[in-house]
Amino acid sequence: MRGAFIRTLAELAECDSRIVLLTGDLGYAVLEPFSDKFQDRFINVGVAEQNMVGLATGLAEAGLIPFVYSIVPFAVLRPFEFIRNGPILHQFPVRIVGIGGGMEYGSNGVSHYGLEDIGVLRTQPGITLIAPADYEQARSSLLATWDLPCPVYYRLGKDDKNVVPGLSGRFELGRAQFIGEGTDILIITMGSIASEVASTIEILYTQGISCTMMIIASMNPPPVDDIEEALAQFRLALTVEAHYIIGGVGSLVSEVIAERGLPCRLVRCGVKVTPNGITGSQEYMYRAYGLSAEMLTMTAIQAIRELKC
Amino acid sequence: MREENISSYHIRKIILDQAKRANVGHIGSALSIADIVVALYANVLNVPDPCDSDRDRFVLSKGHAALAVYAALFLKGWITEESLNTYCEDGSVLGVHPEHLLKGIDFSTGSLGHGLLMGTGAALAAHLERSSRRTFVLISDAECNEGSIWEAVMFAAHHRLSNLITIVDLNGQQALGYTRQVLNMSSMAERWKAFGWNVKDVDGHNVSQMIDTMANFDTKSGSPHILIAHTVFGKGVSYMENQIKWHYLPMSDAEYQQAVNEIEATK
């Protein structure tokens, strides 16, 4: 995603000189399509994320469109107050680009994980939140939102090879995208874990369980009507996210179910405890926290059994 | 009011009047920067119109002293007396800390350690646009406790932002005590010099000295500039000077009257 995003950003910068890119000293072998071409609009601010967001606020006040780039927790959590008091409260077009939502940084450990970025930022109504599912959607979502007048957060994965089958890069701000027409379970997801969900759905299909996948890349504005309409068709829904279960897509769907009084059982799959310090690859971490396709399959089957009891 | 009325007396009188009317504190902090604000708004800032996109920018990073700036905006004619009189009223945009919705306020502040970062971004924007406009940022000495300040200090020096002029209100006080007791910020000039800034020490109550010093800052020198303004917290009101409690307290009727009498005597 990050590669496609930066290449697309470089295309946009070709046509719009307001675009500048700041990095907190990260992005080796990723940012070059932009930094090589637009040396006067690319700044490595050093390892100083608070300053990076403050600088971007000052740049945006002057009419520029600054993108700030770092790994998710350093892009969001370290400078959170600067994001709140800067671009959000001023409503300036700063773009926060966080790489590696969830546990993509694997054995780097929890300091590098993005487990609460959407939850933290979803407390702020004044920022658009985009969590693409694959690199094609990263590109289309950037093309759809890069020149919005207000701040935007992009939560990007590192994978630039795989796509979610059937998504075909579809994106619409404030809407969800659907894949399949299964009738047993609605599985709602955000971000790069969508590919794990796709595998889950394939396994479930072999066991006679048909699912519809709902991808929410537009976490704010949230596709509330799409969620309500889809949930009305199902007795059981699963949310799957590489994020704590509080604050992300599971919380969003819970809010819709509660506020609109929907008779749908919800099972939230996500990270439920503070990581204990044992690390490994993303695949290992998914297994450890119940988010691998195999474990999601077991969770889905168990939920169906409970529904029938 | 016209520009020639932007005097230390007028700024201080408005600070006292409005703080009394609204029954709020932060009076000592506002009085501390009153003369700096006079220097900036009467002579230094090039802002023909607050909506001019190529105007000089000003960031009051120590936002809690905003009343002094509101006084200047009023004296410039950018906000009305009616608006000024809403200070700290329900529904007013003139709160204790400045909001950019108010004409003449470039950036909202209030959280210490943020304004210099945004100001550095504003200076960078001018640099990228090859504009000659300057950015002025007024910070407090205690604000330099914030690590974020030094991120911006390093950045501005590295990127040779000589269109960035920072003023530190060195009054030696902070919310709960004197800076030398809370977190020693002594050798302020040496700290900034070590980071590559052009440093000038001035009397923060000598308006003409500050104007002359800022006028002589070379905005093509390759170094950002820091004016270390040695000030007295609560300057101009004898019972407030160097007293911690006037970071917080509103004035009684008697205290207000004494303060006004002392300010009037300097007229």
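Provided above is the structure to which this section pertains.
Right, let's talk about the overall build of chain B for a bit. Helices and strands together make up the secondary structure of chain B, namely 10 helices and seven strands. Overall size of chain B, expressed as C-alpha extent along the three principal axes, is 50 × 40 × 35 Å. A buried classification covers 52% of the 267 residues belonging to chain B. In chain B, of all internal contacts separated by at least 6 residues, the share reaching a separation of at least 24 is 75%.

Facing 19 residues of chain B, the contacting portion of chain A comprises 20 residues. Elements represented by at least two residues in the side of chain B that touches chain A include exactly helix H5 (115–128) and helix H6 (147–158) of chain B. Broken down by element, the residue count for the side of chain B that touches chain A peaks at eight residues, all from H5(B). Considering only residue class, the side of chain B that touches chain A consists of eight nonpolar, eight polar and three charged.

So, about the environment of B:His127. Residue and element names in this part refer to chain B. Looking at the secondary structure, you find His127 in helix H5. For His127, a count of 17 C-beta atoms within 10 Å puts it in the partly exposed group. Once you skip the residues sitting within four places of it in the chain, His127 turns out to touch Leu161 and Asn163.

Moving on to the sheet that holds strand S5 (residues 128–130) of chain A. Residues and elements named next belong to chain A. Read across the open sheet, the seven strands follow the order S2-S1-S3-S4-S6-S5-S10; overall the sheet is mixed. The sheet terminates laterally at strand S2 (42–44) and strand S10 (218–220), the two strands that pair on one side only. Looking at each pair of strands side by side, their axes are set apart by 20 degrees on average, direction ignored. Looking at chain direction, strand S3 (residues 65–71) and strand S4 (residues 95–99) are connected through five bridges and run parallel. From the neighbouring strand, Val68 faces S4, where its bridge partner is Ile96. Running over the sheet, helix H1 (residues 2–15) touches strand S1 (19–23), S3, S4 and strand S6 (152–156) and is turned about 145 degrees from S1.

Procedures and definitions
- Residues numbered from 1 in each chain as written.
- Chains lettered and ligands numbered in written order.
- Predicted model: local features only at pLDDT ≥ 70, side-chain atom pairs only at ≥ 80, totals over all residues.
- Helix = DSSP H or I, 4+ residues; strand = E, 2+ residues; numbered from the N terminus.
- Buried ≥ 20, exposed ≤ 12 C-beta atoms within 10 Å, placed from the backbone.
- Contact = placed C-beta atoms within 7 Å.
- Nonpolar A, V, L, I, M, F, W, Y, C, P; charged D, E, K, R; others polar.
- Pairing = 2+ DSSP bridges.
- Axes fitted to C-alpha atoms, helices over the stretch in contact; angles between N-to-C directions.

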